[in-house]
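Structural features, examined
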Amino acid sequence: MAYGVLDNYNPKRLPLPEDGEGILVKGPRKIDVPDNPIIPFIEGDGVGPDIWKATYQVIDAAVKKAYGSKRKISWYEVYAGQKCFDKFGKWLIQDTLDAFSHYIVGIKGPLTTPIGGGFRSLNVTLRQILDLYACIRPVKYYEGVPSPMKEPHKIDMVIYRENTEDVYAGIEWKMGTPAARKLIDFLNNEMENETHRKISFDSGIGIKPISEFASKRIMEHAIWYASKFGRKSISIMHKGNIMKYTEGAFKNWCYEAAAAHPDLCITEEALYSQYAGKLPEGKILIKDRIADSMFQQIHTRPDEYDMIVTPNLNGDFISDAAVSLVGGLGIGPGSNIGDVVGIFEATHGTAPKYANMDKINPGSLILSGAMMLDYMEWTEAAELIRSGLIKAIANKTVTYDFARQMPGSTEIKCSEFGKKIVDNM
Ligand code: NAP
């Protein structure tokens, strides 16, 4: 049976679950999920085992409550990180990559970044090899969560960060190296007519590539998300006033991608010139904002931001800034999705000082699990998870990170928080 973007999966080291089938691919972002899908998971390092245990129990309970015995997930453990190294002597194995390509939807806990392992980060490696170009992080306030905002309930936005380009492409030269000197020499002498300025020889050099292809495909992905999940606006966040041919071009290419969907998208200019400022039913408003202004606007006018699409570095900054307004790392879900393959993950790291203490907040991975169920169109189960979590927080039964900021709350363990979500579904 052909599933996924990799037709045949013949794992050498990872035995398959006893039952279950793969998710079928019907086209870009179109999948057909069987009632008993095989879903690969990476438990993760540090606090990974604690949060994964709480998470799969919550997901299984939600699926059972929503669909009875009709639907069930067959979890399939695959390996990366420390556990993979201990078992197979490698930080990442091919069977793991192939499992995600074949089974399409997967979930993972945080991974330690190996030092001297030959690559900068396992997460970046997974994203690059599987071409998971859209980093999607919903940022939403849940009643009762500690927040520094006066009106945190106004925050409900989805951040779309381009995952493959920008300064993260890692094209850099260290100050004083022959390559850096050669490049500076070339720019100062051969390109003088273009640059009109001299670069000091004691500079390190980094390259910021932003392409038409990658900009248009992240915008396409964001438009798909907005239309699927009923989002009303997409703000293109950029620093195009300074970086015209990278960030400015990103903005222009995003508008061009939106213009290819006149049935769905209208610009801010058209909104006022043709619709008297009132968004027609079913349309998505496309606007753009300068990156620095957005850092203040998500504080002062957060309800004006429904979705944000942005290059890699801006996306890194704005997503952590936004999640800090709604309870922080412990509760921010995330996913990395390509044309079809999607890996849903905790957005925090391995928090090693809390490893195996059954203490940390599992909310980030649990809500990422709910996102995964949304992607599979098992929406009823996803809603049960969110409503259970909201009630557990409203009852002030929370893990240490919230308890220390919520007067009158009862601190409970990671596993107990998972059980409270299930009890409150
Ligand atoms: P971290 O693991 O995210 O932890 C930093 C701090 O954030 C924790 O000490 C804790 O703060 C708070 N925190 C994190 N997760 C939390 C949760 N679930 N609930 C409540 N509080 C939480 O960051 P790090 O210490 O910089 O990184 C540790 C390792 O993780 C590194 O190897 C790094 O490379 C890796 N990492 C992996 C990923 C990933 O796999 N996606 C992402 C980031 C980092 P308090 O101590 O104040 O309570």
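**Quick look at the overall build of the chain**
- Each helix and strand counted, the chain has 15 helices and 17 strands in total.
- Taking 22 Å as the expected radius of gyration for a compact globule of 425 residues, we find that the chain reaches 22 Å, a close match to that expectation.
- Across the 425 residues that make up the chain, the buried fraction comes to 54%.
- Put simply, of all contacts in the chain between residues at least 6 apart along the chain, 71% involve residues at least 24 apart.
- When the 50 basic and 53 acidic side-chain charges of the chain are each reduced to a single mean position, those positions are 3 Å apart.

**As for the site of the ligand**
- Contacts to the ligand come from 21 residues, most closely from Leu111, Thr113, Gly349, Ala351 and Tyr400.
- Thr350 places a main-chain nitrogen or oxygen 3.0 Å from an oxygen atom of the ligand.
- One nitrogen or oxygen atom from the side chain of Tyr354 is found 2.9 Å from an oxygen atom belonging to the ligand.
- Bound to the protein, the ligand loses 68% of the 880 Å² it would expose on its own.
- Partitioned by chemical class, the residues of the shell around the ligand number nine nonpolar, eight polar and four charged.

**Considering the packing of aromatic side chains**
- Applying the stated criterion across every chain, the model contains 17 aromatic pairs.
- An angle of 40° between the planes, with centres 5.7 Å apart, marks the rings of Trp52 and Tyr56 as tilted. With Trp52 and Tyr56 both in helix H1 (residues 48–67) and four residues apart, the pair spans about one turn of that helix.
- Note on Trp52: relative accessible area 4%, which makes it buried.
- Centroid distance Tyr225 to Phe229: 4.6 Å. Interplanar angle 45°. Geometry classified as tilted.
- The class for Tyr225 is buried, based on a relative accessible area of 10%.
- Members of the aromatic cluster, each reached through a chain of ring pairs, are Tyr160, Trp224, Tyr225, Phe229, Phe344 and Tyr375.
- Its end group placed over the ring of Tyr305, Lys287 keeps NZ or CZ at 5.1 Å from the ring centre.

**Side note on the domain arrangement of the chain**
- When the domains of the chain are assigned, the result is domain 1 (1–131 + 331–425), domain 2 (147–160 + 211–326) and domain 3 (172–206).
- Taking only C-alpha atoms into account, the centre of domain 1 sits 27 Å from that of domain 2.
- Contacts between the two partners involve nine residues from domain 1 and, on the opposite side, eight residues from domain 2.
- Across the domain 1 to domain 2 interface the summed buried area is about 760 Å²; carbon plus sulfur atoms make up 53%.

**Here we look at helix H3 (residues 94–103)**
- Of all 10 residues that make up H3, nine are buried, and the element is covered over most of its length.
- Residues of H3 that are buried include every one of Asp95, Thr96, Leu97, Asp98, Ala99, Phe100, Ser101, His102 and Tyr103, and no others.
- Buried-residue contacts for H3 involve strand S3 (38–42), strand S4 (74–77), strand S5 (105–108), helix H4 (122–129) and strand S15 (342–346).
- Backbone geometry just downstream of H3 places Ile104 in the positive-phi region, at approximately 75°.

**Some points on the environment of Gly334**
- Of note, Gly334 is situated in strand S14 (residues 333–337).
- Along the backbone, Gly334 and Phe213 are 121 residues apart, and their C-alpha atoms lie at a distance of 24 Å.
- Setting aside residues no more than four positions away along its own chain, Gly334 makes contact with Ile136, Arg137, Phe344, Glu345, Thr347, Ser368 and Met371.

**A word on helix H5 (residues 178–190)**
- An ideal rise of 1.5 Å per residue puts 18 Å on 13 residues; H5 measures up with 17 Å between its terminal C-alpha atoms.
- For H5, every residue scored as buried is listed here: Ala180, Ile184 and Asn188. Looking straight down H5, one finds that the buried residues subtend no more than 55° of arc, so they occupy a single side. Opposite its buried face, H5 presents the exposed residues Pro178, Lys182 and Glu190, each directed more than 90 degrees away.

**Focus: unusual backbone geometry**
- Phi is positive for Asp131, which is not a glycine, with a value near 50°.
- Along the polypeptide, Asp131 turns up in the loop between H4 and strand S6 (134–140).
- We note that Glu377 has phi near 65°; this positive angle belongs to a residue other than glycine.

**A short note on the pairing of S5**
- Burial along S5 is two-sided: Val105 and Ile107 facing one way and Gly106 and Lys108 facing the other are all buried.
- Bridge analysis of S5 against S15 gives four bridges, and the strand direction is parallel. Note that in S15 the partner of Val105 across the bridge is Gly342.

**What about the sheet that holds strand S10 (residues 233–238)?**
- If you trace the 11 strands from one edge of the open sheet to the other, you get S4-S3-S5-S15-S14-S6-S7-S13-S10-S12-S11, paired in mixed fashion. What marks the edges here is a single partner per strand, and that holds for S4 and strand S11 (265–267). Between one strand axis and the next, the sheet turns through 25° on average, direction left out of account.
- Examined bridge by bridge, strand S7 (residues 156–162) and strand S13 (residues 307–310) share four bridges and lie parallel to one another. Its bridge partner being in S13, Tyr160 is matched across the sheet by Val309.
- Strands in contact with helix H7 (residues 212–228) are S6, S7, S10, S11, strand S12 (284–290), S13 and S14; relative to S7, the strand with the most contacts, it is inclined by about 155°.
- Along the sheet face, helix H12 (residues 363–375) touches S3, S4, S5, S6, S14 and S15 and points at about 160° away from the line of S15.

Definitions and limits used
- Residues numbered from 1 in each chain as written.
- Predicted model: local features only at pLDDT ≥ 70, side-chain atom pairs only at ≥ 80, totals over all residues.
- Heavy atoms only, no water.
- Helix = DSSP H or I, 4+ residues; strand = E, 2+ residues; numbered from the N terminus.
- Rg over C-alpha atoms; globule rule 2.2 N^0.38 Å.
- Buried < 20%, exposed > 50% of the residue type's maximum accessible area, 1.4 Å probe, protein only.
- Contact = heavy atoms within 4.5 Å.
- Lys, Arg positive; Asp, Glu negative; His and termini not counted.
- Charge placed at Lys NZ, Arg CZ, Asp CG, Glu CD.
- Near = heavy atom within 4 Å.
- Polar contact = N/O pair within 3.5 Å; in protein donor to acceptor, adjacent residues only side chain to side chain.
- Areas by Shrake-Rupley, 256 points an atom, 1.4 Å probe, with all protein chains shown as cover.
- Nonpolar A, V, L, I, M, F, W, Y, C, P; charged D, E, K, R; others polar.
- Phe/Tyr/Trp six-rings, centres within 6.5 Å; stacked < 30°, edge-to-face > 60°.
- Lys NZ or Arg CZ within 6 Å of the ring centre and 35° of its normal.
- Domains from an automatic or database assignment.
- Buried area = accessible area lost by both parts, 1.4 Å probe.
- Expected span 1.5 Å × (residues − 1).
- Arc of directions from axis to C-beta.
- Pairing = 2+ DSSP bridges.
- Axes fitted to C-alpha atoms, helices over the stretch in contact; angles between N-to-C directions.

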